Protein chains: 2
Amino acid sequence: MALTELYLIRHGLAGTRQPAGDDERRPLTGAGVRRTRAVARQLVRAGLRFDRLVTSPVARARQTAVILRDCGLARAVEESDHLRPGGNLRRCLESLAEAEGRAALVGHEPDLSTWAERLVWNAVRHRLVLKKAGVIGLGFPGEGSPLGRCQLFLLVPPRLLV
Amino acid sequence: MALTELYLIRHGLAGTRQPAGDDERRPLTGAGVRRTRAVARQLVRAGLRFDRLVTSPVARARQTAVILRDCGLARAVEESDHLRPGGNLRRCLESLAEAEGRAALVGHEPDLSTWAERLVWNAVRHRLVLKKAGVIGLGFPGEGSPLGRCQLFLLVPPRLLV
């Protein structure tokens, strides 16, 4: 894997879950859209660009990824079922086997923060706090499995970026 | 300990070490001052305030802490020899035993990032990257030893804040 950096981005603030609602279709709220856009603009301002941008197909994640793309962080949005709630880190990594440079995954909690723990410490202790529209940044090892071998260089809630 | 949050802040960019120079007296560069001030202002804008602000007495750290205070993040700057390079986490925690709310420690690498690892995972694996003028934010447990029991909610390099 020639990935150098992996970003894990949680979807923005979405409407409340309805008892009989379809959880997959809940959109971002107006505040969720604005905050996600402000985060994206700050990442762009800092010079960040993603070579790959992959999202959970669930509406609130997909909408978040589209905002990131529209703000100039990536050229295209890909979807992956492995990023749905309760997704599969190993499959996500396999799908990035040919990726180079920086990739970003847009998805859900507690998946993303526990994936980060597995990548950095190869153990899950639920010690990372990833807010909605928050961003984790991981440095990848040059070769071999990234599990337990990544560096953590970024973990930021949106309120510090906007 | 009634601390709720502990921030670990690395000193800003300082001049290069001189072969015969006194390492304790190296000041921040002009760019180091500007970047540290920009970070401080963004933290203030996000609503952050420190109830205690303690710094290493080494010039580049002390100067960083004074900038944080002058920008409104804290009322006063305290100095502690336990924050010098190669300092002592346990002594720093002891000196905060009576602290409440949010405390910030300004110091050096690799001390601060390894302290964060001890506080969060009770193990040092050198997996956290803390840039100059970068900030780590830890959530403290309500009671008992914080070692291996803190949450990590913030790890940010200055380039994302300015």
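Model, not experiment: these values are computed from the prediction. (Residues numbered from 1 in each chain as written. Chains lettered and ligands numbered in written order. Predicted model: local features only at pLDDT ≥ 70, side-chain atom pairs only at ≥ 80, totals over all residues. Heavy atoms only, no water.)

K.L.:
Hey, could you go over the overall build of chain A for me, with residue numbers and the actual values?
P.N.:
Helices and strands together make up the secondary structure of chain A, namely 4 helices and 6 strands. Element order for chain A, N to C, with α for helix and β for strand: β-α-β-α-β-α-β-α-β-β. Computed over the C-alpha atoms, the radius of gyration of chain A is 15 Å, within 12% of the 15 Å expected from 2.2 N^0.38 for a compact globule of 162 residues. Each principal axis of the C-alpha atoms in chain A carries an extent, and together these give about 45 × 35 × 25 Å. Burial statistics for chain A: of 162 residues in total, 55% are counted as buried. (Helix = DSSP H or I, 4+ residues; strand = E, 2+ residues; numbered from the N terminus. Rg over C-alpha atoms; globule rule 2.2 N^0.38 Å. Buried < 20%, exposed > 50% of the residue type's maximum accessible area, 1.4 Å probe, protein only.)

K.L.:
Account for the packing of helix 1 (residues 30-45) of chain A against helix 2 (residues 59-70) of chain A, with residues named and values stated.
P.N.:
Residue and element names in this part refer to chain A. At their nearest, the axes of helix 1 and helix 2 sit 9 Å apart, and the two run at 40° to each other. Regarding the angle of helix 1 to helix 2, the classification is oblique. In the packing of helix 1 onto helix 2, the handedness of the crossing is right-handed. Where helix 1 abuts helix 2, its residues Val 33, Thr 36, Arg 37 and Ala 40 lie against Gln 63, Thr 64, Ile 67 and Leu 68. Taken together, the residues of the contact of helix 1 with helix 2 break down into 4 nonpolar, 3 polar and 1 charged. (Axes fitted to C-alpha atoms, helices over the stretch in contact; angles between N-to-C directions. Parallel < 35°, antiparallel > 145°, perpendicular 65-115°, else oblique. Left-handed = near helix turned anticlockwise from the far one by under 90°. Contact = heavy atoms within 4.5 Å. Nonpolar A, V, L, I, M, F, W, Y, C, P; charged D, E, K, R; others polar.)

K.L.:
Residues and numbers for the relation of the copies chain A and chain B, please.
P.N.:
You can overlay chain A on chain B at an RMSD of 0.0 Å; the transform is a turn of 180° with a shift of 0.0 Å along its axis. Put plainly, the chains are arranged around a two-fold axis. For chain A, the residue whose C-alpha comes nearest the rotation axis is Leu 155 of chain A, separated from it by 2.4 Å. When the interface residues of chain A are mapped onto chain B, 100% of them again fall at the interface, so both copies present the same face. (Least-squares fit on C-alpha atoms with pLDDT ≥ 70 in both.)

K.L.:
Tell me about the interface of chain A and chain B, and please be specific about residues and values.
P.N.:
Listed by partner, the interface residues are 26 residues for chain A and 26 residues for chain B. Roughly 2,500 Å² is buried in total at the junction of chain A and chain B, and carbon and sulfur atoms are behind 51% of that figure. Where chain A touches chain B, the interface holds 0 salt bridges. Viewed at the interface, chain B and chain A are joined by 17 residue pairs in polar contact (both at pLDDT 80 or more). Among the elements of the structure, helix 1, helix 4 (111-121) and strand 6 (151-156) of chain A are those that each provide at least two residues to the side of chain A that touches chain B. Residue composition of the side of chain A that touches chain B, by class: 17 nonpolar, 4 polar and 5 charged. (Buried area = accessible area lost by both parts, 1.4 Å probe. Salt bridge = Lys/Arg side-chain N within 4 Å of Asp/Glu carboxyl O. Polar contact = N/O pair within 3.5 Å; in protein donor to acceptor, adjacent residues only side chain to side chain.)

K.L.:
A description of the layout of surface pockets should follow, citing residues and the corresponding values.
P.N.:
Considering only enclosed or pocket space, the largest pocket measures out at about 150 Å³ in volume. If you go around the largest pocket, the residues you meet are Glu 5 and Phe 153 of chain A together with Arg 35, Val 129, Lys 131, Pro 157, Pro 158 and Arg 159 of chain B. Classifying every residue of the lining of the largest pocket by side-chain character gives 4 nonpolar, no polar and 4 charged. (1 Å grid on protein atoms, 1.4 Å probe; cavity = no way out; pocket = protein on both sides within 12 Å on 5 of 7 lines; lining within 4 Å. Points joined across faces, edges and corners; volume = space filled by probe spheres on them.)

K.L.:
Provide a residue-level description of unusual backbone geometry, including the pertinent values.
P.N.:
Residues and elements named next belong to chain A. Pro 110 follows Glu 109 through a cis peptide bond whose omega is 5°. Relative to the elements of secondary structure, Pro 110 occurs in the loop between strand 4 (100-107) and helix 4. Here Asn 122, not a glycine, exhibits a phi torsion of approximately 55°, which is positive. Here Asn 122 lies in the loop between helix 4 and strand 5 (135-139). Since its relative accessible area comes to 48%, Asn 122 is described here as partly exposed.

K.L.:
Can you tell me about the environment of Gly 47 of chain A, naming the residues and giving the values?
P.N.:
Residues and elements named next belong to chain A. Following the sequence through the fold, Gly 47 ends up in the loop between helix 1 and strand 2 (52-55). Accessibility expressed as a relative area gives 45% for Gly 47, which makes it partly exposed. The sequence separation of Gly 47 and Arg 10 amounts to 37 residues, and the corresponding C-alpha distance is 20 Å.

K.L.:
Talk me through the pattern of salt bridges; I want residue IDs and the actual numbers.
P.N.:
Counting across every chain of the model gives 20 salt bridges over all chains. Residues Glu 94 of chain A and Arg 91 of chain A are paired through a salt bridge, measuring 3.9 Å at the closest nitrogen-oxygen approach. You can see Glu 94 of chain A and its partner Arg 91 of chain A sitting in helix 3 (residues 89-95), 3 residues apart, about one turn around the helix. For Arg 91 of chain A, a relative accessible area of 43% corresponds to the partly exposed category. Here Glu 79 of chain B makes a salt bridge to Arg 62 of chain B, at a shortest N to O gap of 2.3 Å. Residue Glu 79 of chain B is located in strand 3 (residues 78-79), and its partner Arg 62 of chain B is located in helix 2 (residues 59-70); the two are separated by 17 residues in the primary sequence. On the basis of relative accessible area, Arg 62 of chain B is assigned to the partly exposed category, the value being 30%. Where salt bridges share partners, they join Asp 23, Arg 26 and Arg 60 of chain A into one cluster.

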